[in-house]
Amino acid sequence: MEFIWVLFAVAFLGFVVASIYRRRNAGGIALARPGDPDAADPAAYGFLRQEDLDVRLPGPDQDLTDVLDLVQRTQDYRAAAQLLAGTEKEGEARWQRVQAFAGAASLELAHKPAGDPSQTPGGQWLRVWRTEQPKDAGGAAVHAEFLVQQAWRTSTPGSDEFRIIMEEAREACGQAALLAPGDPVPYLTELSVARGLGYSREEFEQLWLKVLDRAPHHMGAHLAALHYWCEKWYGSRELAYSFAESAAARAPEGSLLSALPLFAVFEHLQELTLVASLYESEVVTKAMHGALYAAGRARPDDAVLPHVRHLLIWFLVNASRWSEAMGQLIHVDGHVGALPWTLSQDPAAEYAVYRALAVAGFEANGGTPASLLH
């Protein structure tokens, strides 16, 4: 989940100095001090305080949250192994859970690095998992993803260290795939390896066919593949748009693939003229409508739906479409582990700014908690 962004957040941060601001006047939204009687209050909508926002996940997954807490508290991997063993192979949830366990182990290791004799290295539970259950498909998948995240987190792309870790990750992906022939997750992990090692287009397309054979409508897979086709990696804006629009065109009913063009637009914002009219342009408006359509028809428990809603919030606020932004916020508030917030050093603070702007704009145009929630 590595992304590079050029956003308007700095401008908004200058506009908003806390998470609750609004004033009704002829000019629309203006700055109001926190506590001012005329200030909009996100808490009136049941939104959580900034310090209570969960930055680990894009949306609720209570089973995953409970197991993560247990594993990190006890350093016993068995609950994680059991959860993955009971998670559908072809579904979006398995991929996100593998990423979450790998990310937890990687962050633990960052806080407690190996080589310090005074403490046990972080993420020890993952090493024990692989040692005690070398044939466990879930552990193998988590280990492969862990190596990928370590490469991106701890070394510079293109360096010898980065390449060594990525080569190890590629081998781990192959081992994980052998342990679970029908599982697309090892191949999804290798999509990131392909980007890191610079697979040729022919190599990448061969890998992509393996993904499609196992999970042709997997939204997480398409998001991972999209980066390869972006201009900042090995493609172009045109190739990325073509990839996203083709996937959206063949999306079955209820699929979130119709939202993929919005992610392609987001990845190429730096190439566009950064003016307010951008959000009224045909390409952005069409992508937003596709994402809104997809979000409105997806299963409520689709694991990728919160990702789509979070990105929609960012675009809708920038487009001053306050009511629609609020309609997305009420579904995801409480979790901020998704684009675009994760690109910030403080995802919760970044999200809170946009949330405050949405509330302010909504109320400045006559909206109330009662009109939104009932």
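Placed above this text is the structure.
Quick caveat, the model's predicted, so the values are computed rather than measured.

**Q** Explain the overall build of the protein chain to me, please; I cannot follow it from the model alone.
**A** The number of helices and strands found in the protein chain is 17 helices and zero strands. A buried classification covers 55% of the 374 residues belonging to the protein chain. The contacts of the protein chain with a sequence gap of at least 6 include a subset with a gap of at least 24, amounting to 66%. When the accessible surface of the protein chain is totalled, it reaches about 16700 Å², and 53% of it is carbon and sulfur.

**Q** Can you help me understand the packing of aromatic side chains in this one?
**A** Any aromatic ring pair is given by two values, namely how distant the centres are and how the planes are angled relative to each other. Within the structure shown, the criterion is met by 18 aromatic pairs. An angle of 80 degrees between the planes, with centres 5.6 Å apart, marks the rings of Trp 152 and Trp 233 as edge-to-face. Taken together, the residues span a long stretch of sequence, with Trp 152 in helix α6 (residues 137-154) and Trp 233 in the loop between α10 (219-229) and α11 (237-249) at a distance of 81 residues. Residue Trp 152 is classed as buried on the basis of its relative accessible area of 15%. By relative accessible area, Trp 233 is classed as partly exposed at 26%. Through successive ring pairs, a cluster of aromatic residues spans Trp 152, Phe 162, Phe 204, Tyr 228, Trp 229, Trp 233 and Tyr 234.

**Q** Sorry, what's going on with the side chain of Arg 94 here?
**A** Relative to the helices and strands, Arg 94 resides in helix α4 (residues 92-111). Arg 94 sits in the buried class, given a relative accessible area of 3%. Beyond its immediate sequence surroundings of up to four residues, Arg 94 is in contact with Leu 84, Thr 87, Glu 88, Lys 89, Ala 137, Gly 138, Asp 183 and Val 185.

**Q** I'm lost on the packing of α4 against helix α5 (residues 124-132) in this one. Help?
**A** Packed helices, taken two at a time, are described by the angle between their axes plus the distance between the axes. Between α4 and α5, whose axes approach to 8 Å, the crossing angle comes to 125 degrees. Here α4 is positioned oblique relative to α5, judged by the angle of their axes. Residues Phe 101, Ala 104, Ala 105, Glu 108 and Leu 109 of α4 form the contact with α5, whose participating residues are Trp 125, Leu 126 and Arg 127.

**Q** How should I be thinking about the side chain of Ser 258 in this particular structure?
**A** Mapped onto the secondary structure, Ser 258 falls in the loop between α11 and α12 (260-267). In this structure Ser 258 comes out as buried when scored by relative accessible area, which is 17%.

**Q** Is there a simple way to explain helix α9 (residues 201-214) in this structure?
**A** Helical periodicity: at 3.6 residues per turn, an α-helix aligns residues three or four positions apart in one direction. For α9, which comprises 14 residues, the first-to-last C-alpha distance of 20 Å matches the rise-based estimate of 20 Å (1.5 Å per residue) to within 8%. For α9, the full list of buried residues reads Phe 204, Leu 207, Trp 208 and Val 211. All buried residues of α9 fall inside an arc of 100 degrees around its axis, so they share one side. Summarising the geometry of α9, the exposed residues directed more than 90 degrees from the buried face are Glu 202, Leu 209 and Asp 213. Of the surrounding secondary structure, the elements contacted by the buried residues of α9 are α8 (185-197), α10 and α11.

**Q** Where do I start with the nonpolar core in this structure?
**A** In summary, soluble globular proteins display a tendency toward joint burial of nonpolar side chains. Phe 101, Trp 125, Trp 129, Met 219, Val 308, Phe 315 and Met 326 are the most contacted members of the largest nonpolar core, which totals 115 residues. No other element matches helix α14 (residues 305-318), which puts nine residues into this core. Those residues in contact with Trp 129, other than ones at most four positions away along the chain, are Tyr 77, Ala 80, Ala 81, Leu 84, Pro 134, Asp 136, Gly 138, Gly 139 and Val 142.

**Q** Is there a simple way to explain the environment of Pro 181 in this structure?
**A** One can find Pro 181 in the loop between α7 (160-179) and α8. A residue is classified by how much of its surface remains accessible, and Pro 181, at 58% relative accessible area, is exposed. Expressed as a C-alpha distance, the spacing of Pro 181 and Ala 137, which sit 44 residues apart in the sequence, is 9.7 Å.

**Q** Teacher, can you tell me more about the packing of α8 against α9 here?
**A** Put simply, α8 and α9 touch, their axes get as near as 10 Å, and they point 160 degrees apart. Classified by the angle their axes make, α8 and α9 are roughly antiparallel. With respect to the hand of their crossing, α8 and α9 are arranged in left-handed fashion. Side by side, α8 and α9 meet where Tyr 187, Leu 188, Glu 190, Leu 191 and Ala 194 of the first sit next to Phe 204, Leu 207, Trp 208, Lys 210, Val 211 and Arg 214 of the second. Looking at the contact of α8 with α9 residue by residue, the classes come out as eight nonpolar, no polar and three charged.

**Q** Would you mind showing me how to read the pattern of salt bridges here?
**A** Between side chains of opposite charge, a pair can form when the charged atoms approach closely. According to the stated counting rule, one finds 14 salt bridges in the structure shown. When the shortest N-O distance is used, the salt bridge between Asp 54 and Arg 56 registers 3.1 Å. Asp 54 sits in the buried class, given a relative accessible area of 15%. A salt bridge links Arg 56 to Asp 69, with the nearest nitrogen and oxygen atoms 3.1 Å apart. Residue Arg 56 is found in the loop between α1 (9-15) and α2 (62-74), and its partner Asp 69 is found in helix α2; the two are separated by 13 residues along the sequence. Put simply, Arg 49, Glu 51 and Asp 52 are held in one network by salt bridges that share partners.

**Q** What should I look at first to understand unusual backbone geometry in this one?
**A** Only a minority of non-glycine residues have a phi that is not negative, and only a minority of peptide bonds are not trans. Residue Pro 340 follows Leu 339 across a cis peptide bond; omega there is -5 degrees. On the secondary structure map, Pro 340 appears in the loop between α15 (322-332) and α16 (347-364). Residue Gln 75 is not a glycine yet carries a positive backbone phi of 60 degrees. When you line up the elements, Gln 75 lands in the loop between α2 and α3 (78-85).

Rules used in this analysis
Residues numbered from 1 in each chain as written. Predicted model: local features only at pLDDT ≥ 70, side-chain atom pairs only at ≥ 80, totals over all residues. Heavy atoms only, no water. Helix = DSSP H or I, 4+ residues; strand = E, 2+ residues; numbered from the N terminus. Buried < 20%, exposed > 50% of the residue type's maximum accessible area, 1.4 Å probe, protein only. Contact = heavy atoms within 4.5 Å. Areas by Shrake-Rupley, 256 points an atom, 1.4 Å probe, with all protein chains shown as cover. Phe/Tyr/Trp six-rings, centres within 6.5 Å; stacked < 30°, edge-to-face > 60°. Axes fitted to C-alpha atoms, helices over the stretch in contact; angles between N-to-C directions. Parallel < 35°, antiparallel > 145°, perpendicular 65-115°, else oblique. Expected span 1.5 Å × (residues − 1). Arc of directions from axis to C-beta. Core = buried A, V, L, I, M, F, W, Y, C linked by side-chain atoms within 4.5 Å. Left-handed = near helix turned anticlockwise from the far one by under 90°. Nonpolar A, V, L, I, M, F, W, Y, C, P; charged D, E, K, R; others polar. Salt bridge = Lys/Arg side-chain N within 4 Å of Asp/Glu carboxyl O.

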